Structures are given as structure tokens and as C-alpha cells.
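Summary of the model geometry
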Amino acid sequence: MLAGAAALPALAGAEDLTIVSKTIANQGAPTTSTQYIGADRIRSSDGENDTIVEVAAGRFTVINHKKKEYSQFTRDEMLASMQQFEQQMSGPMGAMMEKMMGGKVGEVTVQKGASRKVAGYDCTTYTFSLGENMRYEMCSTQALQLPPAYFDVLKGPYAMAGPMARRFDKIFDEMKKIKGFPVALSSTVNLMAFKINVVSEATEIRKGPIPASAFQLPAGYKKKETPFRK
């Protein structure tokens, strides 16, 4: 299940960070993405979708700028929904879907690679693979230490992906075990109609207080009910 999401640690004592990255999705034009890591909130924005995590409350807000809407759910709702998905996957329909997604969810293999420098920081490359259809690579620097709650931000957009969410969950939980901060992250995913090829690399890392406005919802956006409550 969404291991760790039921016990998000507080970020007290961590220094506020603003991370600006260059991101290329599916070999398209480069875009700018920004992450705000505050004392009790984290926001990740790629220009099209944002995820905000209120750490102490365990509340997630997922924003879709194209549709000008957002949804909110708690870690408890997410956990309960994942448990329900697990039960559904135990039947014949689940077996058929697993086959379509490349078989049962196995273990994530982790391979340590070469070191390099990103945005002025030395980092070490790690590759995370789950079968033949999911591969993530991150370069983590020891110079910036962050709590595991950071990776729950990465889970947010995939939490509503039904049975596929379990696979992303396992990848990000393995990433939590690597100390430091991922200044570069790339992914190659091909599950049914769900195709992702994203490369993101930090270009600027700023330390210092983050304005409260960075965590506010856009004006005029419509709230959409999360599927977890249906």
C-alpha cells in the first residue's frame, strides 16, 4: 500500500528550498517546473499540474491548470482506496489487468551508478526498475537532506490511477530509502495506455523563506470531487 503515507513526518528544522528545473515530457519542448519545500508544506508545479501536500494534516491537493480544477483528499482516504483496489485485483478481472500491465507487481530492483554534477551539486545516480515497463533514474545529492515526505508529493498525481497506482507506489517507496535530494529525475513508463517519458534536471536551487502565496490555490478554479469518496 502507500507505505509511509500514513505517517508523514513533520518537516520542522529543514531549510526552505525552491528548486527550479528544466523538464522535457515525451520529447516535447523544454518547460520549467518548480518545487517549493517549506517547513510544513510541499508544492510541485510543472505548469500544467500541481501537487500540494500539507504534511501535518496529511492532505493532498492536485491541481489541473488546463481544466482549471482541483481535487483534495487525505492520506487515509488514499490508503483506504488502495486497499479496495488490492481486493479487486485478487479476482479474474484483476488477473486480466495485471497481464495487460506486464504481470504481477514484483520487487523493485535498484542499481547504483556513476556520479555527476547537477546545478552545482555532486550527485550519485540510482536506477529503479519494476519489470520491463517501468524505469526511473534519479541523481541524489547528499548536500541537501530532505525527509521522506517529499516523495509523497510524487505519488499524488498517480494516486488516482487505479490498479496502476500500486506500481508507482513501490518505485517511490524505494526512492525514499536513498538519502539526499534528487536534483535530477527521469522516468520511462509504458503501462497499457499510460505512457510517460519525462526528464527533469535542476537548474537553480535557492535557500530561504518561501512566501505563503506559493501554496495558495489559483483563483476561480473549480473543486472536483475525488474518486476516493465515491
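In this report, we go over the structure that sits alongside the text.

Examining the overall build of the protein chain
What the protein chain contains, in helices and strands, is four helices and twelve strands. Expressed as a percentage of its 230 residues, the buried residues of the protein chain come to 47%. Considering only contacts in the protein chain between residues 6 or more positions apart, those separated by 24 or more positions represent 59%.

Some details on the state of the cysteines
The tally for this structure, following the rule as stated, stands at one disulfide. What pairs with Cys123 in a disulfide is Cys139, and their sulfur atoms sit 2.1 Å apart. Here the disulfide of Cys123 and Cys139 is right-handed, its torsion about the S-S bond being about 90°. Of this pair, Cys123 sits in strand β8 (residues 121-130) while Cys139 is found in strand β9 (residues 134-141), placing the two residues 16 residues apart along the sequence. The class of Cys123 is buried, set by a relative accessible area of 1%.

Rules used in this analysis
Residues numbered from 1 in each chain as written. Predicted model: local features only at pLDDT ≥ 70, side-chain atom pairs only at ≥ 80, totals over all residues. Heavy atoms only, no water. Helix = DSSP H or I, 4+ residues; strand = E, 2+ residues; numbered from the N terminus. Buried < 20%, exposed > 50% of the residue type's maximum accessible area, 1.4 Å probe, protein only. Contact = heavy atoms within 4.5 Å. Disulfide = S-S within 2.5 Å.

That's the geometry; what it means functionally is another story.
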